[in-house]
Amino acid sequence: MLTSAAQPTKEWYEKYYREKGGDRNDLLRNPEVLFQHFAFYESLIRAIRGIDHIDLVTARVLDVGCGSGASLANFLQLGFLPENLYGIDILEERVRSCRERYPNFVLSCDDATRMSFPSESFDIVTESTMFVQITDEGLAASIAGEMIRTCKRGGHLVLIDWRYGKPGNTAYRALSASRIRALFRVGTDTRLVCARKGALVPPLGRLLSRRFPALYFPVRGLLPWLAGSVTTVLQRLP
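Residues numbered from 1 in each chain as written. Predicted model: local features only at pLDDT ≥ 70, side-chain atom pairs only at ≥ 80, totals over all residues. Heavy atoms only, no water.

*Asks:* Sorry if this is basic, but what is going on with the overall build of the protein chain here?
*Replies:* Of regular secondary structure, the protein chain possesses 8 helices and 7 strands. Across the 238 residues in the protein chain, those meeting the buried criterion constitute 47%. Partitioning the contacts of the protein chain with sequence separation of at least 6, the portion at a separation of at least 24 is 76%. Accessible area for the protein chain stands at about 11,600 Å²; split by element, carbon and sulfur atoms hold 54% of it. (Helix = DSSP H or I, 4+ residues; strand = E, 2+ residues; numbered from the N terminus. Buried < 20%, exposed > 50% of the residue type's maximum accessible area, 1.4 Å probe, protein only. Contact = heavy atoms within 4.5 Å. Areas by Shrake-Rupley, 256 points an atom, 1.4 Å probe, with all protein chains shown as cover.)

*Asks:* Looking at this structure, how should I read unusual backbone geometry?
*Replies:* Across the chain, the bulk of peptide bonds are trans and the bulk of non-glycine residues have phi less than zero. Here His 53, not a glycine, exhibits a phi torsion of approximately 60°, which is positive. With respect to the helices, strands and loops of the structure, His 53 is situated in the loop between helix H2 (34-49) and strand S1 (61-64). Here His 53 falls in the exposed class, since its relative accessible area comes to 81%. Of note in the backbone geometry, Glu 120 takes a positive phi value of approximately 55° without being a glycine. Within the secondary structure layout, Glu 120 lies in the loop between strand S3 (106-109) and strand S4 (122-128). The class for Glu 120 is partly exposed, based on a relative accessible area of 36%.

*Asks:* Mind showing me how you'd approach the packing of H2 against helix H3 (residues 70-77) here?
*Replies:* Helix-helix packing is characterised by the crossing angle of the two axes and by the distance between the axes. Contact geometry for H2 and H3: axes closest at 11 Å, N-to-C directions at 50°. Classed by the angle they form, the pair H2 and H3 counts as oblique. Of the two elements, H2 crosses H3, and the hand of that crossing is right-handed. The residues of H3 that touch H2, namely those facing His 37, Tyr 41, Leu 44 and Ile 48, are Asn 74, Phe 75 and Gln 77. Looking at the contact of H2 with H3, its residues break down into 4 nonpolar, 3 polar and no charged. (Axes fitted to C-alpha atoms, helices over the stretch in contact; angles between N-to-C directions. Parallel < 35°, antiparallel > 145°, perpendicular 65-115°, else oblique. Left-handed = near helix turned anticlockwise from the far one by under 90°. Nonpolar A, V, L, I, M, F, W, Y, C, P; charged D, E, K, R; others polar.)

*Asks:* Would you take a moment to explain the pairing of strand S5 (residues 151-162) for this structure?
*Replies:* The side chains of a regular strand alternate, first on one face of the sheet and then on the other. Judged by how many residues are buried, S5 sits mostly within the fold: 9 of 12 residues are covered. Strand direction decides the pairing type here: S4 and S5, joined by 6 bridges, are parallel. When the sheet's bridge partners are listed, Ile 124 is paired in S5 with His 156. Regarding topology, helix H5 (residues 137-150) serves as the crossover connection from S4 to the parallel S5, and that connection is right-handed. As paired elements, S5 and strand S7 (residues 229-236) share 7 bridges and run antiparallel to each other. Each bridged residue has a counterpart across the sheet, and for Asp 161 the counterpart in S7 is Val 230. (Pairing = 2+ DSSP bridges. Right-handed = clockwise from strand over helix to strand, strands pointing away.)

*Asks:* Could you clarify how one ought to interpret the nonpolar core in this entry?
*Replies:* One recurring pattern in soluble globular proteins: nonpolar side chains tend to sit buried together. Phe 75, Ile 124 and Val 158 are the most contacted members of the largest nonpolar core, which has 33 residues in total. Where this core is concerned, the elements lending two or more residues are H2, H3, helix H4 (92-101), S5 and helix H8 (216-222). When neighbours within four sequence positions are excluded, Ile 124 is seen to be in contact with Ile 48, Ile 51, Ile 54, Arg 60, Val 61, Leu 62, Phe 75, Phe 80, His 156 and Val 158. Of all hydrophobic cores here, the second largest spans 26 residues; its members include Ala 112, Met 115, Cys 151 and Leu 183. (Core = buried A, V, L, I, M, F, W, Y, C linked by side-chain atoms within 4.5 Å.)

*Asks:* Whenever I open this one, the packing of H2 against helix H7 (residues 202-211) confuses me. Can you help?
*Replies:* One way to put it is that H2 packs onto H7 with a least axis distance of 7 Å and a crossing angle of 115°. Within the contact between the two elements, H2 uses Leu 34, Phe 35 and Gln 36 and H7 uses Pro 202, Gly 205, Arg 206 and Ser 209. Classifying every residue of the contact of H2 with H7 by side-chain character gives 3 nonpolar, 3 polar and 1 charged.

This is the structure:
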């Protein structure tokens, strides 16, 4: 059963998928998404390279808010074993879709504010574009606390999220560097390992991906402040 605080998040996602449609992030059907995807993946690769001593055979990864599994599948492509890839999501239909696509992942429909996993279960705990839509800081802090709790001491938290919100839209709240420091108690429970710029802010990134793909990464290189997403790696302190 969901907590009362988590129910609005479930409703937010249900509304999002109703309004945006199934092809919003479809790599085959929507050319706006291709280079955005490349940039997300490239930032994840560079971020994971900043983590020392990862054993791809034994490392266990938890994706909080795994959706249909696209973010978790990136870890599979990097060499992590499917039976060590865990995902939870608040929407049962998304978990069901993920299970159909990736039957070897370990998946559950769960409330991220009170996860059923034992403490210190995972080498990496990750999320992708989840905190940007959680505007309730009490709820966000509960989820961040659970992510820290389930991460092994010395393990890592990988946050793939938007550092900017949407101007004039209170349904989004940026996962800025200062918000990360507060939610994940950087300096007390965690330390910053690295932060890697990812996808461009969506209106520009989607336009370039569709119309001018050759300019996508040059624009990001010349104007780094236009990179709206950042992959941040934190280490849980011993």
